[in-house]
Structures are given as C-alpha cells and as structure tokens.
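Residue-level listing of the chains:
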Amino acid sequence: MDVREAFRIAGEHVDDAELDALFTELLRVPSEHKERMEADPAVTGFVADVVAPRLQTLTGVTPRTDGMGNLLWRLGPAEVDPAEGLLFMGYAMTFPAGSMAEPFSGEVVPGEPYGFDGPCVWGRGGCEQKAALAAMLAAAAAVCRSGGELARPLSLAVSTAGETGRHDAARYMLEQDGLTARYGIVGLGTTNRVCLGNKGRIDVDVVVRGKSCHSSTPWAGVNAVDGARAVLERLDGLVDGIAHPELGEASLVATHIESGPDILHTIQDRCRLTLDRRLMPGEEPAEALAAIARALADLEPWQVEVTQGNFMYPAEVSEDSEVAVALAVAREMAGETGPPLWFPAALDAGYLNENGIETVMFGPGDLAFAHTDAEVVPLEQVRRAARVYAAAALQMLV
C-alpha cells in the first residue's frame, strides 16, 4: 500500500482519546522488575488481566498467553507462513519505582517543566515499555478496523521481560511457541526515531581463589583481593581496537566485586567479580568469553575460574531494510524528524536478528527520563507512534 494512503487510514482508525486512556491505564498497573523476574505475578498478571482483555476488546481477535506468561496475537491469512509477516514486540516489565513519587498515578501533567510542548503522562515504565506498548496495541486495532485484507500476517507479542538483561522470554516465544516473522519492530522509547542497532552484552563471572590466613601474617596466605587486582590488570586493553562507526568502542568493566570469608583480620581466600563486556555487531558472545578466559589463564599463585552469565546479542540493520524504510517514511508523514539512532544498551532486537527476523526498534519516550524520578512521555508522541506503527504495517502487509 502507498505510504500516503497507509498513513491516512492509520489516522482514521487511531482514536486518540481511546489511546490516551489505554496508556494511562497501563501505567496505573504496577509490573515492576523484582526477584522472580519474568515469573513475578504482577508481571504475568499485567499481561493476562490487563493487556490481553484490552487487546481482545480493541481488535476482536483473541490473544493467548504461553507457559511463560508472554502474550501472542496474530492477524492475517492463516494459509500464509507467519515467517513472511511483520512482528510487533512490546514489553510488560518496568524498572522498579524506587524513589519516584506517585510512580503509578498515570497522571497527565504539563510538559513544559520537562522541555516538552503539550501534556505528558507521568508514570514508571512510560519512557521505555508502556508508551510503546500502548501505541502498538492501538496500531493493531487500527489495522483491524481498516478492513484491509492482509497479504502477510501481523503478529504482536508482549514479552514478560523488559528489564531482565537476557533473552529468555524472547527465546521461549521463538522456540516453544513457534513465533516467527520476516521483519520485526521492538517497541521501546526511541523518541519516535528508528533505531537500527545496538550493542550486545555478556556478563562474565570470575572467581579468584587464594589461601586464607590471619592478616597479621599475610605472607602465610594467598590474598584473593590481590588476585582480583591482577585480574583487572590482565584485562586492561583487552578490547582496544574493537569499535563500530555508529556505536563507538567496545567496553569491558567490572560491575560487582565481593570477597570472603566475611571475618575481620583475615586474608581473603576468594574474590568474585562480575564483568560487563559490551559486544559490537558481528561479535559472538562465546568468542568474547574465550578471550577473557585466555587472558586470565595461568595467573599464579591464584586459581581463576571464568564462567558465562546472561548475554544478549548485538544488532545491526541496514537503513535500506524494508521495515526501516516503512517506519522512516511513515514517521515523516507524522511530522517526526531526526536521523536514525543506535543504542549502547543490549536489547532483544539482537536475538530476533540472530534468528532471521530483521528487526529495528521504534517507539515514543525519551530514555533520558527512564529510571529517573520524573519519568514522563508526551501524549502527542504516543499518538504519533501509534499512527506510524499502523501505517508501517499497512504499507508492508496490505
């Protein structure tokens, strides 16, 4: 479908009042990142008890939830392989409320104090997950209401992740539910700019073992704290020269350190470090882990163990990709400006791309406000995003 026609139809079938109410409702239901991660009842309940019935009402198409609590919805010809279609992926889980005042009020507030013209909505998770989720639900409704016959299917998935730093929910949907598509759009706050790629990440656990003794005779032991310092010295410069023209340099940093035994006046016999290694497009997590292990081999007199923690793949999509172009031309019709983005954070787009779903990121919300005590999203940005999602889907599928 021609972009002008697609945008016209999208505009006719996105109801701003309905979308505003939906967005504020999503923000009023807490679905925070807690110890149980994707299995937290507040997260799974948000998907099953709030998102699923709203999507059913908006579209008339019944979604389902899987064994992990993720939501899956599909529209389009049953005889066409979903691997030829388009996937919208949104998120349920938000960053914890922390010290934010009234984090689940969903209150409409003036935008001027935050640098925006027009009203904003206040609430935890708005900038990252829930503004984009509301816009995607409204876009799915607009596609349904348009009455256009889809040549390729539209799928919408709502992941129980969002703040976990791992691909577990996305992996479950692809491997257990058979979720697939030709193209994907991950709904996250990009200020309605098209994000073409992001860094990946691998968490690495390093355990340094020494020998404990009384601290008055340190020569009688092997201090694991000194071993941790030696580890960091060995790793200095390991990622030098690894860079990307848009994402900058790779990084390797220690984000956590602890030692034991937790006894006064005692030389420590073990020290555990957590490393954060950011990956560039084209780098494999296993290769990055192996390089760290090689660098720490034979670190006498300590014993060093290196194990892999959570990881997320990097992503990179061409600006000429069909999905990137469809979003770009639709956002121009919506009056949005600004060049493509690249994120330093690790996201599910990398996993989807790794599995053959050419995926970009797009959505309302400015991540500069995410995780802060003043998380706000302009209502107009959410409304435009819904039209862009819907117009892109109509261009690609009708």
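Residues numbered from 1 in each chain as written. Predicted model: local features only at pLDDT ≥ 70, side-chain atom pairs only at ≥ 80, totals over all residues. Heavy atoms only, no water.

Novice: Quick question: what am I supposed to make of the pattern of salt bridges here?
Specialist: Pairing between side chains of opposite charge can happen when their charged atoms approach one another. Taken as a whole, this structure holds 23 salt bridges when the rule is applied. A salt bridge links Arg182 to Glu358; the nearest nitrogen and oxygen atoms lie 3.7 Å apart. Taken together, the residues span a long stretch of sequence, with Arg182 in the loop between α5 (168–175) and β7 (183–187) and Glu358 in strand β19 (residues 358–362) at a distance of 176 residues. On the basis of relative accessibility, which here comes to 30%, the residue Arg182 falls in the partly exposed class. Its salt-bridge partner being Arg277, residue Glu283 comes within 2.7 Å of it at the nearest N-O pair. There is no split in this pair, since Glu283 and Arg277 are both buried. (Salt bridge = Lys/Arg side-chain N within 4 Å of Asp/Glu carboxyl O. Helix = DSSP H or I, 4+ residues; strand = E, 2+ residues; numbered from the N terminus. Buried < 20%, exposed > 50% of the residue type's maximum accessible area, 1.4 Å probe, protein only.)

Novice: What is the right way to read the side chain of Asp276 from this model?
Specialist: Topologically, Asp276 is positioned in strand β15 (residues 270–279). Judged by relative accessible area, which is 11%, Asp276 ranks as buried. At 2.8 Å, the side chain of Asp276 forms a polar contact with the side chain of Arg278. If we skip the residues at most four places from it in the chain, Asp276 touches Arg201, Ile202, Ser251, Leu252, Val253 and Thr255. (Polar contact = N/O pair within 3.5 Å; in protein donor to acceptor, adjacent residues only side chain to side chain. Contact = heavy atoms within 4.5 Å.)

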